Amino acid sequence: MGKNDFLTPKAIANRIKAKGLQKLRWYCQMCEKQCRDENGFKCHCMSESHQRQMQVFGQNPNRIIDGYSEEFEREFLEHMKRSHRFSRVAATVVYNEYISNRHHIHMNSTQWATLTEFVKYLGRTGKCKVDETPKGWFITYIDRDSETLFKERLKNKRLRADEVEEEKQEREIKRQIERAEQLIPSVSGSSQPNESERVLLKSEDCGKIAFALGSSKPVVKEKRDSSKLVFEDGESSNPVKGKGAGGNVGGGVSALDELMREEEKVKERMNRKDYWLCEGIVVKVMSKALAEKGYYKKKGIVVKVIDKYVGEIKMIDSKHVLRVDQEELETVIPHIGGPLRIVNGAYRGSNARLLALDTEKYSAKVQIEKGIYDGRVLQAVEYEDICKAAV
(Lines give C-alpha, C1' and ligand atoms only; values in the text may rest on other atoms or scores of the structure.)
Protein backbone atom coordinates (compact mmCIF):
# COMPACT_ATOMS: atom_id res chain seq x y z
CA MET A 1 0.00 0.00 0.00
CA GLY A 2 1.52 3.31 -1.04
CA LYS A 3 2.18 6.23 1.22
CA ASN A 4 -0.66 8.35 -0.17
CA ASP A 5 -3.08 5.52 -0.87
CA PHE A 6 -6.83 6.14 -0.60
CA LEU A 7 -7.31 3.94 2.47
CA THR A 8 -4.31 5.00 4.53
CA PRO A 9 -5.06 6.65 7.90
CA LYS A 10 -3.41 9.84 6.64
CA ALA A 11 -5.70 10.00 3.59
CA ILE A 12 -8.80 9.28 5.65
CA ALA A 13 -7.84 11.94 8.18
CA ASN A 14 -7.27 14.47 5.41
CA ARG A 15 -10.70 13.79 3.92
CA ILE A 16 -12.36 14.18 7.33
CA LYS A 17 -10.48 17.41 7.90
CA ALA A 18 -11.44 18.75 4.49
CA LYS A 19 -15.08 17.98 5.17
CA GLY A 20 -14.91 20.00 8.36
CA LEU A 21 -17.57 18.04 10.28
CA GLN A 22 -15.86 16.44 13.26
CA LYS A 23 -16.60 15.93 16.94
CA LEU A 24 -18.11 19.12 18.36
CA ARG A 25 -16.65 18.42 21.80
CA TRP A 26 -13.14 18.74 20.33
CA TYR A 27 -13.78 22.23 19.00
CA CYS A 28 -12.41 25.33 20.75
CA GLN A 29 -14.67 28.29 20.10
CA MET A 30 -12.31 30.88 21.56
CA CYS A 31 -9.51 29.81 19.23
CA GLU A 32 -11.89 28.67 16.46
CA LYS A 33 -9.85 25.48 16.11
CA GLN A 34 -11.19 21.98 15.38
CA CYS A 35 -9.15 19.10 16.83
CA ARG A 36 -9.33 15.61 15.40
CA ASP A 37 -9.29 13.58 18.60
CA GLU A 38 -9.19 13.85 22.36
CA ASN A 39 -5.40 13.87 22.53
CA GLY A 40 -5.19 16.71 20.01
CA PHE A 41 -7.77 18.72 21.95
CA LYS A 42 -5.81 18.16 25.19
CA CYS A 43 -2.60 19.33 23.57
CA HIS A 44 -4.36 22.40 22.22
CA CYS A 45 -5.69 23.31 25.66
CA MET A 46 -2.13 23.23 27.01
CA SER A 47 -0.79 25.44 24.22
CA GLU A 48 0.32 29.03 24.84
CA SER A 49 -2.13 30.55 22.36
CA HIS A 50 -5.08 28.87 24.05
CA GLN A 51 -3.90 30.03 27.47
CA ARG A 52 -3.79 33.63 26.24
CA GLN A 53 -7.34 33.34 24.89
CA MET A 54 -8.52 31.92 28.20
CA GLN A 55 -6.97 34.88 30.03
CA VAL A 56 -8.99 37.20 27.80
CA PHE A 57 -12.10 35.10 28.50
CA GLY A 58 -11.50 35.27 32.26
CA GLN A 59 -11.54 39.07 32.27
CA ASN A 60 -15.23 39.26 31.24
CA PRO A 61 -16.74 35.79 30.68
CA ASN A 62 -20.40 36.90 30.75
CA ARG A 63 -19.96 39.37 27.91
CA ILE A 64 -18.26 36.79 25.69
CA ILE A 65 -20.86 34.08 26.39
CA ASP A 66 -23.69 36.54 25.74
CA GLY A 67 -22.07 37.54 22.46
CA TYR A 68 -21.79 33.94 21.31
CA SER A 69 -25.37 33.26 22.43
CA GLU A 70 -26.75 36.21 20.48
CA GLU A 71 -24.82 35.23 17.35
CA PHE A 72 -25.93 31.58 17.65
CA GLU A 73 -29.57 32.60 18.06
CA ARG A 74 -29.44 35.05 15.16
CA GLU A 75 -27.89 32.54 12.75
CA PHE A 76 -30.25 29.75 13.87
CA LEU A 77 -33.34 31.90 13.29
CA GLU A 78 -31.95 33.14 9.99
CA HIS A 79 -31.60 29.54 8.85
CA MET A 80 -35.17 28.83 10.02
CA LYS A 81 -36.42 31.84 8.06
CA ARG A 82 -34.68 30.75 4.86
CA SER A 83 -35.35 27.01 4.94
CA HIS A 84 -38.49 26.46 7.05
CA ARG A 85 -40.31 29.77 7.06
CA PHE A 86 -43.85 28.38 6.95
CA SER A 87 -43.24 24.79 8.06
CA ARG A 88 -43.54 22.91 11.31
CA VAL A 89 -40.31 20.96 11.59
CA ALA A 90 -38.41 18.94 14.19
CA ALA A 91 -35.84 20.96 16.15
CA THR A 92 -33.18 18.29 15.61
CA VAL A 93 -33.59 18.54 11.84
CA VAL A 94 -33.02 22.30 11.89
CA TYR A 95 -30.04 21.94 14.23
CA ASN A 96 -28.37 19.30 12.05
CA GLU A 97 -28.79 21.53 9.02
CA TYR A 98 -27.33 24.47 10.95
CA ILE A 99 -24.20 22.68 12.18
CA SER A 100 -23.44 21.42 8.66
CA ASN A 101 -21.62 24.75 8.22
CA ARG A 102 -18.13 24.20 9.62
CA HIS A 103 -17.86 27.84 10.70
CA HIS A 104 -21.03 27.93 12.81
CA ILE A 105 -21.15 29.05 16.43
CA HIS A 106 -21.09 25.95 18.60
CA MET A 107 -23.72 25.48 21.28
CA ASN A 108 -21.14 24.53 23.93
CA SER A 109 -19.96 28.15 23.88
CA THR A 110 -23.43 29.62 24.54
CA GLN A 111 -25.61 29.91 27.63
CA TRP A 112 -27.67 26.86 26.59
CA ALA A 113 -26.24 23.48 27.48
CA THR A 114 -28.70 21.42 25.39
CA LEU A 115 -30.91 21.90 22.36
CA THR A 116 -34.02 21.39 24.53
CA GLU A 117 -33.12 24.42 26.67
CA PHE A 118 -32.61 26.52 23.55
CA VAL A 119 -35.97 25.42 22.07
CA LYS A 120 -37.77 26.26 25.33
CA TYR A 121 -36.08 29.68 25.28
CA LEU A 122 -37.40 30.31 21.76
CA GLY A 123 -40.90 29.40 22.93
CA ARG A 124 -40.77 31.63 26.01
CA THR A 125 -39.57 34.65 24.06
CA GLY A 126 -42.22 34.16 21.34
CA LYS A 127 -39.73 33.82 18.50
CA CYS A 128 -40.98 30.35 17.54
CA LYS A 129 -44.06 28.27 18.18
CA VAL A 130 -42.90 25.27 20.18
CA ASP A 131 -44.69 22.01 20.98
CA GLU A 132 -43.47 18.75 22.51
CA THR A 133 -44.53 15.43 20.98
CA PRO A 134 -43.60 11.78 21.53
CA LYS A 135 -41.26 12.18 18.54
CA GLY A 136 -39.45 15.14 20.10
CA TRP A 137 -39.63 18.93 19.98
CA PHE A 138 -41.19 20.63 16.96
CA ILE A 139 -40.83 24.33 16.16
CA THR A 140 -42.54 26.73 13.77
CA TYR A 141 -40.96 30.03 12.80
CA ILE A 142 -43.01 33.12 13.66
CA ASP A 143 -42.53 35.66 10.90
CA ARG A 144 -42.50 39.17 12.33
CA ASP A 145 -41.36 41.08 9.27
CA SER A 146 -43.15 44.37 8.71
CA GLU A 147 -44.31 43.32 5.24
CA THR A 148 -45.73 40.03 6.52
CA LEU A 149 -47.51 41.74 9.41
CA PHE A 150 -48.96 44.31 7.01
CA LYS A 151 -50.31 41.54 4.75
CA GLU A 152 -51.76 39.75 7.76
CA ARG A 153 -53.54 42.91 8.90
CA LEU A 154 -54.97 43.42 5.42
CA LYS A 155 -56.18 39.81 5.36
CA ASN A 156 -57.88 40.16 8.75
CA LYS A 157 -59.45 43.42 7.62
CA ARG A 158 -60.88 41.75 4.52
CA LEU A 159 -62.25 38.89 6.57
CA ARG A 160 -63.97 41.28 8.98
CA ALA A 161 -65.42 43.24 6.07
CA ASP A 162 -66.76 40.02 4.53
CA GLU A 163 -68.40 39.05 7.82
CA VAL A 164 -70.03 42.47 8.16
CA GLU A 165 -71.27 42.31 4.56
CA GLU A 166 -72.70 38.83 5.12
CA GLU A 167 -74.55 39.99 8.24
CA LYS A 168 -75.98 42.95 6.32
CA GLN A 169 -77.20 40.60 3.58
CA GLU A 170 -78.80 38.34 6.17
CA ARG A 171 -80.66 41.25 7.77
CA GLU A 172 -81.86 42.48 4.37
CA ILE A 173 -83.11 39.00 3.44
CA LYS A 174 -84.96 38.72 6.75
CA ARG A 175 -86.65 42.07 6.15
CA GLN A 176 -87.73 40.94 2.68
CA ILE A 177 -89.12 37.71 4.12
CA GLU A 178 -91.13 39.63 6.71
CA ARG A 179 -92.54 41.96 4.06
CA ALA A 180 -93.47 39.00 1.88
CA GLU A 181 -95.24 37.29 4.80
CA GLN A 182 -97.23 40.46 5.46
CA LEU A 183 -98.25 40.79 1.78
CA ILE A 184 -99.33 37.15 1.29
CA PRO A 185 -102.43 37.21 3.59
CA SER A 186 -103.71 40.49 2.17
CA VAL A 187 -103.38 39.31 -1.44
CA SER A 188 -104.94 35.91 -0.73
CA GLY A 189 -107.88 37.56 1.07
CA SER A 190 -108.71 39.75 -1.91
CA SER A 191 -108.55 36.85 -4.38
CA GLN A 192 -111.07 34.51 -2.63
CA PRO A 193 -113.65 33.02 -5.06
CA ASN A 194 -117.41 33.57 -4.74
CA GLU A 195 -119.72 30.84 -3.51
CA SER A 196 -121.16 30.38 -7.01
CA GLU A 197 -117.73 29.77 -8.50
CA ARG A 198 -116.83 26.24 -9.43
CA VAL A 199 -113.19 25.38 -8.81
CA LEU A 200 -111.49 22.50 -10.55
CA LEU A 201 -108.08 21.59 -9.18
CA LYS A 202 -105.83 18.68 -10.01
CA SER A 203 -104.02 17.06 -7.10
CA GLU A 204 -100.31 16.82 -7.75
CA ASP A 205 -99.83 13.92 -5.38
CA CYS A 206 -102.12 11.19 -6.73
CA GLY A 207 -103.49 12.61 -9.96
CA LYS A 208 -107.14 12.83 -8.79
CA ILE A 209 -109.57 15.60 -9.70
CA ALA A 210 -111.11 17.58 -6.79
CA PHE A 211 -114.45 19.47 -7.18
CA ALA A 212 -115.66 22.23 -4.87
CA LEU A 213 -119.23 23.43 -5.39
CA GLY A 214 -120.62 26.37 -3.49
CA SER A 215 -117.96 26.29 -0.80
CA SER A 216 -117.69 29.26 1.49
CA LYS A 217 -113.99 28.63 1.98
CA PRO A 218 -111.37 29.06 -0.71
CA VAL A 219 -109.91 25.89 -2.10
CA VAL A 220 -106.17 26.17 -2.03
CA LYS A 221 -103.84 23.85 -3.86
CA GLU A 222 -100.87 23.19 -1.64
CA LYS A 223 -97.54 23.53 -3.28
CA ARG A 224 -95.14 20.64 -3.00
CA ASP A 225 -91.69 21.32 -1.77
CA SER A 226 -89.81 21.06 -5.05
CA SER A 227 -86.78 23.07 -4.01
CA LYS A 228 -84.02 21.10 -2.35
CA LEU A 229 -83.03 23.76 0.11
CA VAL A 230 -81.63 22.37 3.32
CA PHE A 231 -83.65 24.72 5.52
CA GLU A 232 -87.33 25.20 6.29
CA ASP A 233 -88.46 28.77 6.90
CA GLY A 234 -90.75 30.00 9.60
CA GLU A 235 -93.55 30.74 7.16
CA SER A 236 -94.34 27.00 6.89
CA SER A 237 -96.82 27.57 9.74
CA ASN A 238 -98.71 30.04 7.54
CA PRO A 239 -101.90 28.31 6.29
CA VAL A 240 -101.71 30.10 2.94
CA LYS A 241 -98.63 28.88 1.11
CA GLY A 242 -98.33 28.40 -2.62
CA LYS A 243 -100.76 29.20 -5.41
CA GLY A 244 -104.21 30.49 -4.64
CA ALA A 245 -107.18 31.06 -6.94
CA GLY A 246 -105.41 34.17 -8.19
CA GLY A 247 -101.98 34.09 -9.81
CA ASN A 248 -100.29 36.94 -7.89
CA VAL A 249 -99.45 35.03 -4.72
CA GLY A 250 -97.62 32.21 -6.44
CA GLY A 251 -95.26 34.66 -8.10
CA GLY A 252 -94.32 36.28 -4.76
CA VAL A 253 -93.53 32.97 -3.10
CA SER A 254 -91.45 31.83 -6.09
CA ALA A 255 -89.36 35.00 -5.93
CA LEU A 256 -88.82 34.44 -2.21
CA ASP A 257 -87.77 30.84 -2.78
CA GLU A 258 -85.39 31.94 -5.48
CA LEU A 259 -83.85 34.53 -3.16
CA MET A 260 -83.33 31.93 -0.44
CA ARG A 261 -81.85 29.51 -2.94
CA GLU A 262 -79.32 32.10 -4.12
CA GLU A 263 -78.40 32.89 -0.51
CA GLU A 264 -77.84 29.20 0.17
CA LYS A 265 -75.56 28.82 -2.86
CA VAL A 266 -73.42 31.81 -1.86
CA LYS A 267 -72.95 30.53 1.68
CA GLU A 268 -72.16 27.05 0.41
CA ARG A 269 -69.40 28.38 -1.86
CA MET A 270 -67.90 30.50 0.91
CA ASN A 271 -67.96 27.92 3.72
CA ARG A 272 -67.27 24.64 1.90
CA LYS A 273 -63.63 23.74 2.72
CA ASP A 274 -61.44 20.66 2.43
CA TYR A 275 -60.81 20.68 6.19
CA TRP A 276 -63.44 20.24 8.90
CA LEU A 277 -61.68 19.72 12.23
CA CYS A 278 -62.62 22.07 15.06
CA GLU A 279 -62.25 22.04 18.82
CA GLY A 280 -64.94 20.60 21.06
CA ILE A 281 -66.30 17.83 18.81
CA VAL A 282 -66.33 14.05 19.29
CA VAL A 283 -64.58 12.04 16.55
CA LYS A 284 -63.77 8.39 15.91
CA VAL A 285 -60.21 7.23 15.20
CA MET A 286 -60.13 5.11 12.01
CA SER A 287 -56.36 4.68 11.68
CA LYS A 288 -55.48 0.99 11.39
CA ALA A 289 -51.90 1.85 12.29
CA LEU A 290 -53.16 2.61 15.83
CA ALA A 291 -55.04 -0.69 16.10
CA GLU A 292 -52.15 -2.31 17.98
CA LYS A 293 -52.34 0.44 20.59
CA GLY A 294 -56.07 -0.16 21.00
CA TYR A 295 -57.26 3.16 19.56
CA TYR A 296 -58.90 1.86 16.37
CA LYS A 297 -62.60 2.86 16.19
CA LYS A 298 -62.35 4.50 19.61
CA LYS A 299 -63.87 7.92 20.27
CA GLY A 300 -62.14 11.03 21.50
CA ILE A 301 -62.60 14.78 21.85
CA VAL A 302 -60.71 17.28 19.71
CA VAL A 303 -58.86 19.56 22.14
CA LYS A 304 -56.61 21.36 19.64
CA VAL A 305 -56.36 21.83 15.86
CA ILE A 306 -52.89 22.16 14.32
CA ASP A 307 -52.47 23.60 10.81
CA LYS A 308 -56.18 22.99 10.02
CA TYR A 309 -55.68 19.31 9.14
CA VAL A 310 -54.21 17.73 12.29
CA GLY A 311 -56.02 17.39 15.58
CA GLU A 312 -54.95 16.57 19.13
CA ILE A 313 -57.48 13.97 20.28
CA LYS A 314 -58.10 13.22 23.96
CA MET A 315 -59.42 9.67 24.08
CA ILE A 316 -62.58 9.27 26.14
CA ASP A 317 -61.71 5.86 27.58
CA SER A 318 -57.98 6.07 28.30
CA LYS A 319 -57.60 9.89 28.53
CA HIS A 320 -54.52 9.61 26.30
CA VAL A 321 -53.79 12.46 23.89
CA LEU A 322 -53.04 11.53 20.27
CA ARG A 323 -52.12 13.63 17.26
CA VAL A 324 -54.04 12.34 14.24
CA ASP A 325 -54.61 13.65 10.71
CA GLN A 326 -58.23 14.33 9.74
CA GLU A 327 -57.97 11.72 6.96
CA GLU A 328 -57.80 9.08 9.71
CA LEU A 329 -60.76 10.49 11.65
CA GLU A 330 -64.50 10.16 11.21
CA THR A 331 -67.42 12.28 12.39
CA VAL A 332 -69.76 10.92 15.06
CA ILE A 333 -73.55 11.23 14.73
CA PRO A 334 -75.31 11.98 18.07
CA HIS A 335 -78.58 10.44 19.23
CA ILE A 336 -81.90 12.06 18.29
CA GLY A 337 -82.20 15.31 20.19
CA GLY A 338 -78.48 15.43 20.96
CA PRO A 339 -76.28 18.50 20.42
CA LEU A 340 -74.01 18.70 17.39
CA ARG A 341 -71.89 21.11 15.40
CA ILE A 342 -72.02 21.76 11.66
CA VAL A 343 -68.39 21.35 10.57
CA ASN A 344 -68.69 22.06 6.85
CA GLY A 345 -71.00 23.66 4.30
CA ALA A 346 -73.19 26.74 4.30
CA TYR A 347 -73.77 26.83 8.07
CA ARG A 348 -70.24 25.84 9.06
CA GLY A 349 -69.48 26.47 12.75
CA SER A 350 -73.13 26.64 13.89
CA ASN A 351 -74.35 24.69 16.91
CA ALA A 352 -77.48 22.66 16.29
CA ARG A 353 -79.61 19.77 17.56
CA LEU A 354 -80.43 16.55 15.71
CA LEU A 355 -84.13 16.12 14.86
CA ALA A 356 -84.21 13.10 12.52
CA LEU A 357 -82.06 10.83 10.33
CA ASP A 358 -82.59 9.73 6.74
CA THR A 359 -80.62 6.49 6.44
CA GLU A 360 -81.40 6.07 2.74
CA LYS A 361 -79.97 9.46 1.72
CA TYR A 362 -77.31 9.52 4.47
CA SER A 363 -78.54 12.90 5.64
CA ALA A 364 -79.91 14.43 8.82
CA LYS A 365 -82.53 16.98 9.78
CA VAL A 366 -81.17 19.47 12.31
CA GLN A 367 -82.27 22.70 13.95
CA ILE A 368 -79.77 25.49 14.52
CA GLU A 369 -79.44 26.90 18.02
CA LYS A 370 -78.13 30.39 18.85
CA GLY A 371 -76.76 32.95 16.43
CA ILE A 372 -78.54 34.78 13.63
CA TYR A 373 -79.96 31.48 12.30
CA ASP A 374 -81.50 30.49 15.63
CA GLY A 375 -84.48 28.20 15.09
CA ARG A 376 -83.84 27.51 11.42
CA VAL A 377 -84.42 23.89 10.40
CA LEU A 378 -82.05 22.29 7.89
CA GLN A 379 -83.81 19.49 6.10
CA ALA A 380 -80.96 17.49 4.50
CA VAL A 381 -77.45 17.86 5.91
CA GLU A 382 -74.97 15.13 4.96
CA TYR A 383 -73.47 12.96 7.67
CA GLU A 384 -69.96 14.22 6.85
CA ASP A 385 -70.99 17.83 7.52
CA ILE A 386 -72.18 17.32 11.11
CA CYS A 387 -70.45 15.96 14.19
CA LYS A 388 -71.42 15.32 17.78
CA ALA A 389 -70.54 18.17 20.17
CA ALA A 390 -68.70 17.39 23.39
CA VAL A 391 -70.81 18.18 26.44
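Residues numbered from 1 in each chain as written. Predicted model: local features only at pLDDT ≥ 70, side-chain atom pairs only at ≥ 80, totals over all residues. Heavy atoms only, no water.

(A) Just the packing of aromatic side chains, in detail. This model, assessed by the stated rule, comprises eleven aromatic pairs. On the numbers, 5.0 Å between centres and 70 degrees between planes, the contact of F72 with F118 is edge-to-face. Of the two residues, F72 is situated in helix α4 (residues 61–83) and F118 in helix α6 (residues 115–124); the sequence distance between them amounts to 46 residues. A network of ring pairs unites the aromatic residues F72, F76, Y98, W112, F118 and Y121 as a single cluster. (Phe/Tyr/Trp six-rings, centres within 6.5 Å; stacked < 30°, edge-to-face > 60°. Helix = DSSP H or I, 4+ residues; strand = E, 2+ residues; numbered from the N terminus.)

(B) A look at the confidence of the model for the protein. When pLDDT is averaged across the protein, the result is 78; 77% of the residues are at 70 or more. Note that residues 193–252 has pLDDT below 50 and, in this model, 80 contacts with residues that lie over four places away or in other chains. (pLDDT = per-residue confidence, 0-100. Contact = heavy atoms within 4.5 Å.)

(C) Quick peek at the sheet that holds strand β13 (residues 310–315). Strand order across the open sheet formed by five strands is β14-β13-β12-β11-β15, with antiparallel pairing between neighbours. On the outer flanks of this sheet lie β14 (321–325) and β15 (329–331), each paired with one strand and no other. Each adjacent strand pair in this sheet contributes to an overall mean axis angle of 45 degrees, direction not counted. Relative to strand β12 (residues 299–306), strand β11 (residues 282–285) is paired through three bridges, and the arrangement is antiparallel. Residue V282 lies in a different strand from β12, and its bridge partner there is I301. (Pairing = 2+ DSSP bridges. Axes fitted to C-alpha atoms, helices over the stretch in contact; angles between N-to-C directions.)

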